[in-house]
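Here is how the chains run, residue by residue.
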Amino acid sequence: MKAIVLHEYGPASTLKYEDFPDPKPATGEVLVRVCATSINPADWMVRSGTVKDILPVAFPHILGCDLAGTVVEAGEGVTSFEPGDRVMAVALRTYAELCTVKATDLVKMPAGLEMTTAAALPLVTVTGDLMIRLGANVQPGQTVLITGALGSVGRSAVFAASQIGARVIAGVRGKRLDAARQLPGVSEAIAIDDDAAIDQLGPLDCVADTVGGKFADKLLARVKEGGTFGCFPKQNPQDAALYPTVHITTVFGQVDPATRAALILRYAEAVRDGTLTIPVERIMPLADAAEAQGIAEKGGIAKIVLTA
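Residues numbered from 1 in each chain as written. Predicted model: local features only at pLDDT ≥ 70, side-chain atom pairs only at ≥ 80, totals over all residues. Heavy atoms only, no water.

Peer 1: Quick rundown of the sheet that holds strand β2 (residues 15-19)? Include the residues and the values.
Peer 2: Strands in a sheet are paired, the pairing made by backbone hydrogen bonds, and the direction either parallel or antiparallel. Here we have three strands laid out as an open sheet, ordered β2-β1-β4, and antiparallel in their pairing. The strands lining the two open edges of the sheet, one partner per strand, are β2 and β4 (61-62). Here strand β1 (residues 2-6) pairs with β2 via five bridges, running antiparallel. Bridge pairing in β2 links A3 to E18. (Pairing = 2+ DSSP bridges. Helix = DSSP H or I, 4+ residues; strand = E, 2+ residues; numbered from the N terminus.)

Set out below in structure tokens:
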């Protein structure tokens, strides 16, 4: 098969499109022909070595964690999938024409959902949901501020919080306020790059921070005593010690397979039904993964999908 192979940590140019041995499904696994995958920040963080202390890899390594494709072969003991099934998942080594996935991680794709749309969903929707439910611990009636609300994880978090019944404040840069106000489920939008606007915020029950960086400490100061601040690894607010009554929770995206599969299906159906939108900026061939990662690293709020 053809795959995007990483032989050493480095810039996007280290990604090589080359031949790689076909994987074989072990007991409990399914061999899937990858129709599409998508690029996530985790991909270039792994590629560059930024997170090698928590996500080390052995070379040669194939990146990728989103999967949309069709079943080629079911391994021993698998009865829930058969050749031809359209499936999606959070998986490993998806920058390739073929990959193996544990059957417990696979979800049958909802009818009416395009492969390229499905490929953009698994990781960001699961992450956004976990950021709300486990990270920020959002409860019905609470007020939660979600940073990066127009991004793919942010949109998923807004959807999750609104489904819970929380009052959602979308935190975005000032130039994106109008777009943020149009998001379904958003009650208010605030420019997180405007210190005066942040100072005028009332007490927050919780923050779901999908951005990190300099905004984290400013928003932490707005969380009420006993509130919760959810963030990603290595993005904890530097001033955390100054707010001992605020619970700071790091979300790593780990969840049991049954829960993850249920979340993927729920969000895939929401996208198909039009109640949630995860924008796709462009669709590129798998062979152009290095170029696509370079584009994605420059920033943006929409996904880039790779087709095998």
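Peer 1: Any details on the sheet that holds strand β9 (residues 143-147)? Residues and values, ideally.
Peer 2: A sheet is described by the order of its strands in space; here six strands give the open sequence β11-β10-β9-β12-β13-β14, paired in parallel fashion. Strands with a single pairing partner mark the edges of an open sheet, and in this sheet they are β11 (186-191) and β14 (247-250). Going across the sheet, the axis of each strand differs from the next one's by a mean of 20°, ignoring polarity. Inspection of the sheet shows β9 paired to strand β10 (residues 167-172) by five bridges, in the parallel sense. Counterpart to T143 in the pairing with β10 is R167. The strands that helix α3 (residues 122-135) touches are β9, β12 (204-208), β13 (223-231) and β14; relative to β13, the one it contacts most, it runs at about 150°. (Axes fitted to C-alpha atoms, helices over the stretch in contact; angles between N-to-C directions. Contact = heavy atoms within 4.5 Å.)

Peer 1: Kindly report on a positive patch on the surface, identifying the contributing residues and their values.
Peer 2: A cluster of like positive charges, contributed by R173, K175, R176 and K214, occupies part of the molecular surface. Turning to its location among the elements, K214 is positioned in helix α7 (residues 214-220). (Patch = residues over 30% accessible without salt bridge, like charges linked within 9 Å, V, L, I, M, F, W, Y side chains within 5 Å. Areas by Shrake-Rupley, 256 points an atom, 1.4 Å probe, with all protein chains shown as cover. Salt bridge = Lys/Arg side-chain N within 4 Å of Asp/Glu carboxyl O. Lys, Arg positive; Asp, Glu negative; His and termini not counted. Charge placed at Lys NZ, Arg CZ, Asp CG, Glu CD.)

Peer 1: Describe a nonpolar patch on the surface, listing the residues and the values that go with them.
Peer 2: Among the surface-exposed residues, I54, L55 and F252 lie close enough to one another that they form a single nonpolar patch of about 240 Å² accessible area. Topologically, F252 is positioned in the loop between β14 and α8 (257-273). Residue F252 is classed as partly exposed on the basis of its relative accessible area of 39%. (Buried < 20%, exposed > 50% of the residue type's maximum accessible area, 1.4 Å probe, protein only.)

Peer 1: Tell me about the environment of M109, residues and numbers included.
Peer 2: Along the chain, M109 turns up in the loop between β8 (107-108) and α2 (115-118). By relative accessible area, which is 8% here, M109 ends up buried. Residues M109 and Q142, 33 residues apart in the sequence, show an inter-C-alpha distance of 33 Å. Setting aside residues up to four positions removed in sequence, M109 forms contacts with A68, G69, R86, V87, M88, E114, M115 and A118.

Peer 1: Go over the side chain of D66, please, and point to the residues and values.
Peer 2: Note on placement: D66 falls in strand β5 (residues 66-74). Looking at D66, its side chain comes within polar contact range of the side chain of N40, at 2.8 Å. (Polar contact = N/O pair within 3.5 Å; in protein donor to acceptor, adjacent residues only side chain to side chain.)

Peer 1: Describe the nonpolar core, and please don't skip the residues or the numbers.
Peer 2: M88, L113, I132, V138, V144 and I146 are the most contacted members of the largest nonpolar core, which totals 55 residues. With residues up to four places along the chain from it excluded, the contact list for V138 reads I132, V144, I164, A166 and C206. Core analysis: the second largest hydrophobic core is formed by 25 residues, L6, L31, V46 and L98 among them. (Core = buried A, V, L, I, M, F, W, Y, C linked by side-chain atoms within 4.5 Å.)

Peer 1: Got a sec to walk through the environment of I54? Specific residues and values, please.
Peer 2: On the secondary structure map, I54 appears in the loop between α1 (41-48) and β4. Exposure remark for I54: the relative accessible area of 37% places this residue in the partly exposed category. Taking the C-alpha atoms as reference, I54 lies 32 Å from A270; in sequence the two are 216 residues apart. Contacts of I54, omitting those with residues within four sequence positions, involve P233 and F252.

Peer 1: Describe the pairing of strand β6 (residues 86-90), and please don't skip the residues or the numbers.
Peer 2: Burial within β6 is extensive, with four of its five residues counted as buried. The sheet contact formed by β5 and β6 spans five bridges and is antiparallel. Of the residues in β6, the one forming a bridge with L67 is A89. For β6 and β8, the ladder comprises two bridges, and the chain directions are antiparallel. Residue M88 lies in a different strand from β8, and its bridge partner there is V107.

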